[in-house]
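# Topology and contacts: notes
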Amino acid sequence: MNFNCITPSVVFQEVPNEISLCFSITGCKVGCKGCHSTELWHEDNGIPLSNTSFTQWLKKYQGLISCVVFFGGEWQPNALIEKLLIAKNHGLKTCLYSGEKHINIIISQHLNFLKTGAWHETLGGLDSPTTNQVFRDVISGKKLNHLFNKAIDVNTFKVNTVDASHSQTTILETNSFKTNSLEISAFKVSTFEPYQFTQGANNVAA
């Protein structure tokens, strides 16, 4: 089975207080009703994500990101764990978005954050008080859903996680970035309608 992904992007909303490089893995086994990204159900879609190419992506965004988030991939635990270990060796936090209710400890022990729960349109995503989905700090065990109801402020640039359009922002080019002070300079951004991932935050199919 291939371990493929959609082209990665830098995201702000998926892991509160972190700037994450997001890898959406194809071959999802959950198949949530109402999913707007059924192309992620097919393992042959996307581009191969080897350990080498994964490392190259991390090096490309070195100094910009503080976390790596995988949307799916738990159905290939060995391949996923290898990537999680590489990310940690690069000093990055790790997160998994899964549509499953429970994740095997062999995976979760390598995570800082974990989102679980299938997407149910009537219940909403992580920003909904009725959601079945849970976002946790794996180390402390604390539920962090409340953080998705707050705006993320990166200096003067803001992304509102409860905006009705659920717009998402990706950094395309950057010449200067300080993750400690969240200082950004000389960068270009693009705001666009959200990609409806099979696993995701807010009103994103999971």
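Residues numbered from 1 in each chain as written. Predicted model: local features only at pLDDT ≥ 70, side-chain atom pairs only at ≥ 80, totals over all residues. Heavy atoms only, no water.

Here we come to the nonpolar core. One finds Phe23, Leu49, Phe54, Leu58, Ile65, Val68 and Phe70 to be the most contacted residues of the largest nonpolar core, which totals 31 residues. Looking at this core, the elements that each hand over two or more residues are β1 (4–11), β2 (20–25), α1 (51–60), β4 (67–71) and α2 (77–89). If one sorts the elements of this core by residue count, α2 sits on top with six residues. Val15, Cys67, Leu126 and Phe148 belong to the second largest nonpolar core, which has 13 residues in total. (Core = buried A, V, L, I, M, F, W, Y, C linked by side-chain atoms within 4.5 Å. Buried < 20%, exposed > 50% of the residue type's maximum accessible area, 1.4 Å probe, protein only. Helix = DSSP H or I, 4+ residues; strand = E, 2+ residues; numbered from the N terminus.)

Counting across every chain of the model gives one salt bridge. Between Glu18 and Lys93 there is a salt bridge; the shortest N-O distance is 2.7 Å. Residue Glu18 is found in the loop between β1 and β2, and its partner Lys93 is found in strand β5 (residues 93–97); the two are separated by 75 residues along the sequence. The class for Glu18 is buried, based on a relative accessible area of 9%. (Salt bridge = Lys/Arg side-chain N within 4 Å of Asp/Glu carboxyl O.)

Here we come to the sheet that holds strand β3 (residues 47–48). Strand order in the open sheet formed by seven strands is β3-β1-β2-β4-β5-β6-β7, and the pairing between neighbours is mixed. Looking along the sheet, the strands with just one partner apiece sit at the ends: β3 and β7 (134–137). Here strand β6 (residues 113–116) runs beside β7; their pairing, made up of four bridges, is antiparallel. Following the sheet pairing, Phe113 is matched in β7 by Asp137. Its contacts with the sheet place α1 against β1, β2, β3 and β4, and it is angled at close to 150° to β2. (Pairing = 2+ DSSP bridges. Contact = heavy atoms within 4.5 Å. Axes fitted to C-alpha atoms, helices over the stretch in contact; angles between N-to-C directions.)

α2 packs onto α1 with a crossing angle of 35° between their chain directions and a minimal axis gap of 10 Å. Between α1 and α2 lies a crossing whose hand is right-handed. Side by side, α1 and α2 meet where Asn51, Phe54, Thr55 and Leu58 of the first sit next to Glu82, Lys83, Ile86 and Ala87 of the second. Looking at side-chain class alone, the contact of α1 with α2 contains four nonpolar, two polar and two charged residues. (Left-handed = near helix turned anticlockwise from the far one by under 90°. Nonpolar A, V, L, I, M, F, W, Y, C, P; charged D, E, K, R; others polar.)

Such coordinate-based values are descriptive only and should not be taken to indicate function.
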